[in-house]
Amino acid sequence: MRRGLKKGSRGYRRLTLAMLFAGFSTFSLLYSVQPLLPLFAHEFRLSAEQSSLAISLATGPLAVAIVFAGLLSDRYGRRPLMVLAMFGAGLLTMLTGFAPGWHEVLALRLLTGIALAGMPAVAMAYVSEEIDPHSVGPAMGLYIAGSGVGGMAGRLGVSLLTELADWRWALVGVGLIGLVMAEAFRRLAPPSRRFIPRPVHPAAVFVSGKMLFRDRAMPLLYAEAFLLMGVFVTIYNYVGFRLIAAPFSLSHAAIGAIFLLYLLGSLSSTWFGGLAERKGRRLVFWIPTALLILGTAFTAAAWLPLVIVGIGVVTIGFFGAHSIASSWVGRRAREGRGQAAAFYLFFYYLGSSVLGSAGGIAWTRWAWNGVALYCGVLTLIALAIAARLATIPPLPLPEVTPPRPMGAD
């Protein structure tokens, strides 16, 4: 088998830049409606948890479809499925801007989630296969950094365009940018050199899952994905409801500016990814997880600057933890990396859908103190799991088969 791309090579630079665009597109399209939730609640006369369906009905089907997308990528390849996913999601987001009513918005959001299933799990497998094992962490960190920038740009752009025009044209604009990112990815992403096709059998999902869950670390990493993403999405789903009301009474544009904090997540994912490669994932993973608890506590303050600091700390902690956990999954998977990544992201987006919507109940019944307590309990569980992960020894690195000389039989 050919050696993976090493950091500093031309192929490595092209692939990581392509993954930056992929991360940007995925998160901007998936979460661009997040700052619109209070506006949806007002325009369509919905509760907070009902308006959050615009997020949950994208991430829920995405969580299910992503498992089968990983299976298809194991048979037909990573790159083609990723290109198709990016173009499809961009087009569907544009169409959402023309939806006549709430049910049509939800239907298009559901289809957007299914379309995006071809990107995240496949991206993780693509990076793990094509890049040298010692360079996977920084590369995955850059992909997640692109996710942070995309999440920020999508949310901020929608907020500003909504203030200038309305939410419909804002979504059309975000969808158009998604199509541009899709074309950039198509041009930059190098063809797979280390991909080995495998037959497609629906039962392989369950067989692969059974093998993965025999690993002592994998189920714990999947649990972390579920919990950490649930906390992160809950904070960002409902902070707009808090900040638009008294005593803060911020405008949509001002609330959108808070998403600039996603830049901290981009820096955090890259920095923690590199730190984990140098010091070891087991020694580092608990640090960004603990930061989530600290940030959540700050968001419960009555002083606006401290609330914003809290959101920033939550963002740093989440992206750092996700960068480490996602590269950890790719590193431990020996066979069926597409399925290993798909199961990780199944729980990741399931946490966004299930725990994110449940956070709306906490907001409706107990306001922000209820949300902070809810997120704090979830993060404490995640921290306990991080401590357990630290006790599990790493798997030995696979041997690399040297290239055969020209003319060899």
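Residues numbered from 1 in each chain as written. Predicted model: local features only at pLDDT ≥ 70, side-chain atom pairs only at ≥ 80, totals over all residues. Heavy atoms only, no water.

(A) View of empty space enclosed by the protein. This model, assessed by the stated rule, comprises four cavities of 30 Å³ or more. The calculated volume of the largest cavity comes to roughly 80 Å³. Looking at the largest cavity, the residues that line it are Phe27, Pro120, Met124, Met140, Tyr143, Ile144, Ser147, His322, Leu345, Tyr348 and Tyr349. Secondary structure elements with two or more residues in the lining of the largest cavity: α7 (120-130), α8 (136-164) and α17 (337-389). Residue contributions to the lining of the largest cavity peak at four residues, all from α8. For the lining of the largest cavity, the per-class residue count stands at nine nonpolar, two polar and no charged. (1 Å grid on protein atoms, 1.4 Å probe; cavity = no way out; pocket = protein on both sides within 12 Å on 5 of 7 lines; lining within 4 Å. Points joined across faces, edges and corners; volume = space filled by probe spheres on them. Helix = DSSP H or I, 4+ residues; strand = E, 2+ residues; numbered from the N terminus. Nonpolar A, V, L, I, M, F, W, Y, C, P; charged D, E, K, R; others polar.)

(B) Examining the packing of α8 against helix α9 (residues 167-188) more closely. In contact at an axis separation of 8 Å, α8 and α9 are set at 145 degrees when each is read in the N-to-C sense. By crossing handedness, the relation of α8 to α9 is classed as right-handed. Where α8 abuts α9, its residues Gly154, Val158, Leu161 and Thr162 lie against Trp167, Ala170, Leu171 and Val174. For the contact of α8 with α9, the class distribution of residues is six nonpolar, two polar and no charged. (Axes fitted to C-alpha atoms, helices over the stretch in contact; angles between N-to-C directions. Left-handed = near helix turned anticlockwise from the far one by under 90°. Contact = heavy atoms within 4.5 Å.)

(C) Spatial organisation of the packing of aromatic side chains. Summed over all chains, the structure comprises 31 aromatic pairs. On the basis of an interplanar angle of 70 degrees and a centroid distance of 6.4 Å, the ring pair of Phe44 and Trp167 is categorised as edge-to-face. Taken together, the positions of Phe44 in the loop between α2 (37-43) and α3 (48-51) and Trp167 in helix α9 put the pair 123 residues apart, joining distant regions of the chain. Residue Phe44 shares its accessibility class with Trp167, and that shared class is buried. On the numbers, 6.3 Å between centres and 25 degrees between planes, the contact of Phe318 with Tyr348 is stacked. (Phe/Tyr/Trp six-rings, centres within 6.5 Å; stacked < 30°, edge-to-face > 60°. Buried < 20%, exposed > 50% of the residue type's maximum accessible area, 1.4 Å probe, protein only.)

(D) Main features of helix α4 (residues 53-76). Here α4 is 24 residues long and its end C-alpha atoms lie 32 Å apart, about the 34 Å a rise of 1.5 Å per residue gives. A positive phi of about 110 degrees marks Gly77, the residue just after α4. (Expected span 1.5 Å × (residues − 1).)

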